[in-house]
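# Breakdown of the fold
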Amino acid sequence: MAKKEKPEVPSERFTPPTPEETGETEMPPLVINGQYIKDLSFEAPKTPGILSKLQQTPPEISVNIDVQANSQGENFYEVNLSVNADAKIGEDIVYLCEVQYCGLFTLNVQQEYLEPALLIDCPTILFPYLRRVVSDLTGDAGFAPLLLNPLDFAGLYQQRHTQTNEPENGDSKLDEN
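Not measured: the values here are computed from a predicted model.

## What to know about the overall build of the protein
Secondary structure summary: the protein contains four helices and five strands in total. Mapped from its N terminus to its C terminus, the protein presents α and β elements in the order α-β-α-β-β-β-α-α-β. When the 177 residues of the protein are sorted by exposure, 29% land in the buried category. Expressed as a percentage of contacts within the protein between residues at least 6 apart in sequence, the contacts between residues at least 24 apart total 70%. As displayed, the protein has an accessible area near 11800 Å², and 49% of this comes from carbon and sulfur atoms.

## Notes on the packing of aromatic side chains
Scanning the model with the defined rule gives five aromatic pairs in all. Plain terms: the ring middles of Phe42 and Tyr95 are 5.4 Å apart, the flat faces sit at 25° to each other, and that makes the pair stacked. With Phe42 in strand β1 (residues 30-43) and Tyr95 in strand β4 (residues 92-107), the pair connects residues that are 53 residues apart, well separated along the chain. Since its relative accessible area comes to 22%, Phe42 is described here as partly exposed. Residue Tyr95 is classed as buried on the basis of its relative accessible area of 3%. Ring plane angle 45° and centroid distance 6.3 Å describe the contact between Phe42 and Phe143, whose orientation is recorded as tilted. Of this pair, Phe42 sits in strand β1 while Phe143 sits in the loop between α3 (111-140) and α4 (153-163), and the two are 101 residues apart along the sequence. Three or more aromatic residues link up through ring pairs in this structure, and these residues are Phe42, Tyr95 and Phe143.

## Looking at the packing of α3 against α4
In the contact formed by α3 and α4, the axes pass within 9 Å of each other and the chain directions differ by 150°. In the crossing of α3 with α4, the sense of the turn from one axis to the other is right-handed. Taking contact as the criterion, the partners of Glu115, Pro116, Leu119, Ile120, Pro123, Thr124 and Phe127 in α3 are, on α4, Phe153, Ala154, Tyr157 and His161. By residue class, the composition of the contact of α3 with α4 is eight nonpolar, two polar and one charged.

Reading the values: the criteria
Residues numbered from 1 in each chain as written. Predicted model: local features only at pLDDT ≥ 70, side-chain atom pairs only at ≥ 80, totals over all residues. Heavy atoms only, no water. Helix = DSSP H or I, 4+ residues; strand = E, 2+ residues; numbered from the N terminus. Buried < 20%, exposed > 50% of the residue type's maximum accessible area, 1.4 Å probe, protein only. Contact = heavy atoms within 4.5 Å. Areas by Shrake-Rupley, 256 points an atom, 1.4 Å probe, with all protein chains shown as cover. Phe/Tyr/Trp six-rings, centres within 6.5 Å; stacked < 30°, edge-to-face > 60°. Axes fitted to C-alpha atoms, helices over the stretch in contact; angles between N-to-C directions. Left-handed = near helix turned anticlockwise from the far one by under 90°. Nonpolar A, V, L, I, M, F, W, Y, C, P; charged D, E, K, R; others polar.

Dropping the structure here:
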């Protein structure tokens, strides 16, 4: 029996073509360089006792979401989408959940579009991943999974700008370091 040679797999299948190879001279306006959990904390200080109370009374859940963007170099930004959620029954804490989910983005946009891209487009990309982390974390802790409702980051951005022209006065921040 003759030994079969493995077919050669072309390298271009795994490596995207460079702009020089395709003849393109422009970079894409937004590139996702990476995404990651920067900080994660979950506490359920009253377990197991609180579990019997959960059978009788549903918890009150409070959720706060914040967006921050920090320059990491020329056209390179870290966008931090953080959520703080707490569940309580009366004064008893059921759980505290804090997650900071970040993305590293290269933005090749005009200056006037930079802030909207950082505070609308980038968080919109990150949010489904943050939502999954929060859901998995609360579910894996033995509680009903906390499903964050979808957010309209464009609407929130516009609302903040109609209230004030300074984004630093709202929850969203753009920090040029």
